[in-house]
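Architecture at a glance
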Amino acid sequence: MRSTLRARRSLSQTRPHRKPGAVKAVAALAAGVLALSLTACGGDEDGGDGGDTGGETSKATVQLPKLDGQKLEVAAVWTGPEQENFTKVLDEFEKRTGATVSFVPTGNNTSTFLGTKIEGGQPPDVAFLPQVGVLHQFAEKGWIKPLGSAAEEQLKKNFSKGWVDLGAYKGKQYGVYVKAANKSLVWYNTQAFEGAGITDPPGTWDEFVQTAQTLSDAGSPAVSIGGADGWTLTDWFENVYLSQAGPEKYDQLAKHEIKWTDPSVKEALTTLAELWGKDELIAGGRKGALGTEFPKSVIQTFSGDTPAAMVFEGDFVTANINADTKAKVGTDAKMFPFPAVGADSPVVSAGDAAVALKDSKGAQALLTFLASTDAAEIWTAQGGVITPNNKMDMGSYKDGVTRDIAKALLAAGDDFRFDMSDQAPAAFGGTQGIGEWKGLQDFLRNPKDVASVQRKLEADAAKAYGNG
């Protein structure tokens with residue numbers, strides 16, 4: 001879920017698969033760029049023009065209508081630092097248009113929250129959907145409105161075709177993927193690595209497990225896992241599966257063309273169990289991990305008397321590091337690509353699509369602004385976010401680490417795959433307490449029972465996809 005690279009997902013399921021050489025090229029690019037980005041540097045805080053409000057920043061690149069007196073509501077999953085950073089974008093929109101915008105957190109069950117609001121006749125004006133599957137479901141039901149001409153113009157001017165296609169359904173453009181994520185990064189505490197005598201980050205899964213053992217033996221909780229949030233566990237599985245089973249199988253499983261009882265799923269779960277099955281390698285053990293939410297998994301890696309050594313998750317980890325710890329990205333906190341299980345390190349993409357739930361001038365104006373370089377530069381200057389907007393000033397990124405992750409994303413062009421669980425129907429891939437989230441939490445609780453977890457995952461998938 002959370003809202004990037006590698007793997008091209010089957011956008012409208014019509015584009016050709018990447019050749020093996022291209023897989024290696026993208027993986028090598030990602031590894032090279034990330035390896036070079038381990039020293040952070042300051043970024044510009046330039047956030048765009050205030051239009052008629054007398055802002056002192058760069059000239060506006062998009063014209064917005066006057067919306068004096070209008071009230072808009074925006075809903076998204078973000079809380080804490082992520083919400084605060086996005087609010088800076090909304091503040092600028094208010095200055096330029098005269099509208100008043102309020103933000104409503106959806107909680108992790110975004111589709112349920114929004115569905116209830118829509119059916120109750122009180123939808124927000126604009127919402128961010130973290131799942132492609134939900135965008136398709138909402139479009140099919142007529143719950144979201146197609147983009148207006150001004151928003152679509154900004155989208156096609158500033159985004160590659162792959163990201164444009166992600167927000168389309170049955171020939172109509174509905175979403176703007178203004179926020180992306182590289183969900184194939186392992187962040188590590190440099191002091192813990194130094195204390196254990198580790199000089200080089202692991203490059204393969206076997207090396208990763210051995211590094212975790214070395215760290216544990218040296219007295220550091222090796223890996224922090226936010227298992228209370230099921231989406232983090234789906235990300236673990238997807239990275240292992242993509243690297244081990246390969247892109248073709250990944251696409252098939254994402255569309256439920258093969259079953260979760262397939263031998264490739266068994267192999268990936270068995271691989272995960274090499275780490276998840278060793279209680280001493282997990283901060284707080286499996287029980288502790290299942291009680292740890294994502295923000296805490298980051299905090300306990302970079303603060304406290306006995307911090308964990310590593311935490312896996314996307315580039316958005318920097319927002320929590322910056323807001324909730326004293327660690328400095330690029331010095332105290334560095335990262336390396338998710339280790340290769342197969343021939344290549346995986347890079348799994350995700351993102352959040354802005355959509356209009358009301359057919360109003362204000363909703364379309366906000367989507368137009370969000371698709372512009374102006375909004376992208378304000379948002380990225382806050383830190384903890386990357387965007388597939390390829391026309392923005394890259395100097396806007398707050399730190400060099402995030403900037404280089406974003407450059408690698410753009411360098412991949414349209415050759416990427418999207419988060420598997422985010423492609424699934426929400427009932428399977430994106431709802432707390434059921435489906436894949438629950439199945440993988442059960443697996444973390446008992447990593448020895450691969451077969452029963454596979455059967456339960458397949459039963460839930462078949463029900464959600466309706467093709468069992």
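Residues numbered from 1 in each chain as written. Predicted model: local features only at pLDDT ≥ 70, side-chain atom pairs only at ≥ 80, totals over all residues. Heavy atoms only, no water.

Attention now moves to the packing of helix α9 (residues 230–245) against helix α11 (residues 263–276). Following both chains from N to C, one finds α9 and α11 inclined at 120 degrees, their axes separated by 9 Å at the closest point. Here α9 is positioned oblique relative to α11, judged by the angle of their axes. Considering only the axes of α9 and α11, their crossing is right-handed. Here α9 contributes Leu233, Trp236, Phe237, Val240, Tyr241, Gln244 and Ala245 to the contact with α11, which in turn contributes Ser264, Val265, Glu267, Ala268, Leu269, Thr271, Leu272, Leu275 and Trp276. Looking at the contact of α9 with α11 residue by residue, the classes come out as 12 nonpolar, 3 polar and 1 charged. (Axes fitted to C-alpha atoms, helices over the stretch in contact; angles between N-to-C directions. Helix = DSSP H or I, 4+ residues; strand = E, 2+ residues; numbered from the N terminus. Parallel < 35°, antiparallel > 145°, perpendicular 65-115°, else oblique. Left-handed = near helix turned anticlockwise from the far one by under 90°. Contact = heavy atoms within 4.5 Å. Nonpolar A, V, L, I, M, F, W, Y, C, P; charged D, E, K, R; others polar.)

A few words on the packing of helix α2 (residues 80–97) against helix α16 (residues 373–381). Packing of α2 against α16 brings their axes to within 8 Å, and their N-to-C directions diverge by 140 degrees. Considering the angle they form, α2 stands oblique to α16. In the crossing of α2 with α16, the sense of the turn from one axis to the other is right-handed. On α16, the residues that touch Asn85, Phe86, Lys88, Val89, Glu92 and Arg96 of α2 are Asp374, Ala375, Ile378 and Trp379.

Pairing within the open sheet is mixed, and its 5 strands lie in the order β2-β1-β3-β11-β6. One side of each edge strand has no neighbouring strand; the edge strands of this open sheet are β2 (100–105) and β6 (176–182). In this sheet, adjacent strand axes meet at a mean angle of 20 degrees when their direction is disregarded. Here strand β1 (residues 71–76) runs beside β2; their pairing, made up of 6 bridges, is parallel. Looking at β2, one finds that lysine 71 is bridged to threonine 100. Contacts from helix α4 (residues 132–141) reach β3 (126–129), β6 and β11 (349–356), with the element oriented near 135 degrees to β3. (Pairing = 2+ DSSP bridges.)

Opposite charge on two side chains allows them to pair when their charged atoms are near. Tallying each qualifying case throughout the model produces 16 salt bridges. Among the ionic pairs, lysine 161 bridges to aspartate 165, the shortest N-O distance being 2.6 Å. One end of the pair, lysine 161, and the other, aspartate 165, are both in helix α6 (residues 161–166), 4 residues apart, so they sit about a helical turn from each other. Looking at lysine 161, the relative accessible area reads 55%, which means it is exposed. The salt bridge partner of lysine 438 is aspartate 442, with a shortest N-O separation of 3.0 Å. With a gap of 4 residues between them, lysine 438 and aspartate 442 both fall in helix α20 (residues 435–445), about one helical turn apart. (Salt bridge = Lys/Arg side-chain N within 4 Å of Asp/Glu carboxyl O. Buried < 20%, exposed > 50% of the residue type's maximum accessible area, 1.4 Å probe, protein only.)

Attention now moves to the nonpolar core. Phe86, Phe93, Phe128, Trp163, Trp187, Ile321 and Leu370 are the most contacted members of the largest nonpolar core, which totals 87 residues. Within the second largest apolar cluster, 52 residues are counted, among which are Ala222, Trp236, Leu272 and Ala289. (Core = buried A, V, L, I, M, F, W, Y, C linked by side-chain atoms within 4.5 Å.)

Before going further, it helps to examine the sheet that holds strand β9 (residues 310–312). Pairing is mixed across the open sheet formed by 4 strands, whose spatial order is β8-β9-β7-β10. Lying at the two open borders of the sheet, with one neighbouring strand each, are β8 (223–224) and β10 (333–337). As paired elements, strand β7 (residues 185–189) and β10 share 5 bridges and run antiparallel to each other. By the bridge assignment for β10, tryptophan 187 is matched with methionine 335. Strands in contact with helix α13 (residues 294–302) are β7, β8, β9 and β10; relative to β9, the strand with the most contacts, it is inclined by about 155 degrees.

What follows concerns the packing of aromatic side chains. Tallied over the full model, the rule gives 29 aromatic pairs. Measuring from ring centre to ring centre gives 4.8 Å for tryptophan 78 and phenylalanine 128, while their planes differ by 55 degrees; the resulting arrangement is tilted. On the criterion of sequence distance, the pair formed by tryptophan 78 in the loop between β1 and α2 and phenylalanine 128 in strand β3 is long-range, its members being 50 residues apart. Residue class for tryptophan 78 comes out buried when judged on its relative accessible area of 1%. With centroids separated by 5.2 Å and ring planes inclined at 75 degrees, the aromatic side chains of phenylalanine 312 and phenylalanine 338 adopt a geometry described as edge-to-face. Taken together, the residues span a long stretch of sequence, with phenylalanine 312 in strand β9 and phenylalanine 338 in the loop between β10 and β11 at a distance of 26 residues. Given a relative accessible area of 4%, phenylalanine 312 falls into the buried group. Under the relative-accessibility criterion, phenylalanine 338 is labelled buried at 0%. (Phe/Tyr/Trp six-rings, centres within 6.5 Å; stacked < 30°, edge-to-face > 60°.)

Right, let's talk about the environment of glycine 429 for a bit. On the secondary structure map, glycine 429 appears in helix α19 (residues 426–429). For the pair glycine 429 and alanine 461, spaced 32 residues apart in sequence, the C-alpha to C-alpha distance is 8.5 Å. If we ignore the near neighbours within four places in the chain, the residues touching glycine 429 are Gln131, Ser421, Ala424, Glu436 and Trp437.

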